[in-house]
Amino acid sequence: MKRIGKTLLAVLSAGMMTSTLASCGSSKPEITLWVGEESVAFYQKVCNEFEKEQDFGYSIRVVASDAGSIAGPFVADNTACGDIVTVAHDNIGKFAQKQLIRGINDPELLAQIEADNPDTYKEVIKSVYGKDTSTKYTFGVPYISQTLFLMYNKTYISEEQAKTFEGLKEAVDAANAANPALNASAVTSKGSDGFNFSFTLLARNAQTKETSLKLYENLVKTETYAQGDDTVANLKWINDATTNQNLFTFPNSSGFQTMLNTGSALSVIGGAWMYGACVKAMGGEDKVGIATIPTWTLQERHVEGTTIPAGTVMQGGSFADCKAFVINGAISSDKYQPIQKLLKHLSSKEVQNKSFLEAYNVPAYEGYMEYIETIKDQVPANIYNLAKAQDKMAEFGIPQPFVTSTLNNYYYMQGADGIYSTVVEDEKTTDRKIREALWNMEYIWKWGDNSKATVPEVLPGSTDKQS
């Protein structure tokens, strides 16, 4: 309790200092809101209107930030960050356990979060505070949704070809035949980490939407399973696609954008935050096609040694996540309730809809496509297609279930993704190596450190399916 008390005192002191400094140049104290650079103008306008309409006792300054890289600076010194910060939801557990953010307690805001959001989001925005694991609190306010999808070069790939990896194979073979110096791969990703390269791991049966994979199911560490026969077959497929067919390659040292620019990759699996880079690399919006992650058909060589039938069609999967507002734990106590009043407005369906229309941020609330269908002629075709692709991918996705810093660390920081990507690129891999890799990944996800683990002589496989 002494440690928590000292932390709280430091937070309050820092917050009071921030408030005092902000008020020196204004008649009102200031609240700072950090959002993505592309959204600054929109949210500043919305906040200015809110100040006037609500006779708000604070001026609001909107600042550009990068949700993808905010974790480092925020953990290092949250007193130097905004009062309200945009984060990818998988950072919430880490920040909450380090006591860097404050929970939501405003009844109206909590009711709005409960009423508007899909059940999957409601759980991953909750975590425990500090070392008290007895109670979960809501820490995040969802306002943008995001998934992985396919962005492809329409110079080489048709809309029909983009639907399947078999179609992408046809496209890359034609491109390489027309220009042998191209030596292109059909698809790349932004990276080989457990997020950017997750579409095969998270794949589902395209017809039944089932998978044997369990990743912290019900947000429980030990409810994790990576050794099902479908997971094995998918890993054999991506190994084949990478080492034999010019279908997939990880980005080289120059990065995915240069690969798209030079034509050494014809498409990329990524997120909305990469769209601008793709437009630049491919030579304009009219050159960029957008689609869901393609399907692939498992052949006999992929399913050998498993119970999966040859001809099974798999749908590439994705984490279906949300970006959320969180309240910096370093705020002064007088800002706590006004900030929640502001967040209730900023995360309302009305503002999320305007954010899509004006800043192209895909909303997070449940059923947002109903609105987008009514205004699709008011936004560029690719922006509509992007929202539609994300909505479809959400059917085959799960939110990153990292509600504590431990789960986040085990999934991303203990080497499991390196084990996976190494097998993908191994030209001489075997069924045994593939099953060993999946066993080790599962062990790391559950226990963190596999340095002293012994792989069993007989490795399990399963036909159990989880919807």
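Residues numbered from 1 in each chain as written. Predicted model: local features only at pLDDT ≥ 70, side-chain atom pairs only at ≥ 80, totals over all residues. Heavy atoms only, no water.

S.K.: Hey, could you run me through the domain arrangement of the protein in this one?
M.R.: Annotation of the protein at the domain level lists domain 1 (26-145 + 321-366) and domain 2 (148-318 + 403-447). A separation of 32 Å is found between the C-alpha centroids of domain 1 and domain 2. Listed by partner, the interface residues are 10 residues for domain 1 and 8 residues for domain 2. Approximately 710 Å² of surface area, both sides summed, lies buried where domain 1 meets domain 2, with 53% of it carried by carbon and sulfur atoms. Considering only the side of domain 1, the residues that lose the most area to domain 2 are Asp90, Lys94 and Gln97, jointly responsible for 43% of the buried surface there. Applying the counting criterion to the domain 1 and domain 2 interface returns 0 salt bridges. On the surface where domain 1 and domain 2 come into contact, there are 3 residue pairs in polar contact (both at pLDDT 80 or more). If you list the elements that add at least two residues to the side of domain 1 that touches domain 2, you get α4 (92-97), α6 (119-124) and β5 (126-129). With 3 residues, α4 is the single largest residue contributor to the side of domain 1 that touches domain 2. Its residues assigned to classes, the side of domain 1 that touches domain 2 shows 1 nonpolar, 3 polar and 6 charged. (Domains from an automatic or database assignment. Contact = heavy atoms within 4.5 Å. Buried area = accessible area lost by both parts, 1.4 Å probe. Salt bridge = Lys/Arg side-chain N within 4 Å of Asp/Glu carboxyl O. Polar contact = N/O pair within 3.5 Å; in protein donor to acceptor, adjacent residues only side chain to side chain. Helix = DSSP H or I, 4+ residues; strand = E, 2+ residues; numbered from the N terminus. Nonpolar A, V, L, I, M, F, W, Y, C, P; charged D, E, K, R; others polar.)

S.K.: Even after reading the chapter, I still don't get the packing of helix α8 (residues 229-243) against helix α18 (residues 431-447), so can you show me in this structure?
M.R.: The description of two packed helices rests on the angle between their axes and on the distance between the axes. The N-to-C vectors of α8 and α18 enclose an angle of 120 degrees; their axes lie 10 Å apart at closest approach. With respect to α18, the element α8 is oriented oblique. As for how α8 packs across α18, the hand of that crossing is right-handed. Packed against α8, whose contacting residues are Asp229, Thr231, Val232, Leu235 and Lys236, the element α18 presents Asp431, Ile434, Arg435 and Leu438 at the interface. Taken together, the residues of the contact of α8 with α18 break down into 4 nonpolar, 1 polar and 4 charged. (Axes fitted to C-alpha atoms, helices over the stretch in contact; angles between N-to-C directions. Parallel < 35°, antiparallel > 145°, perpendicular 65-115°, else oblique. Left-handed = near helix turned anticlockwise from the far one by under 90°.)

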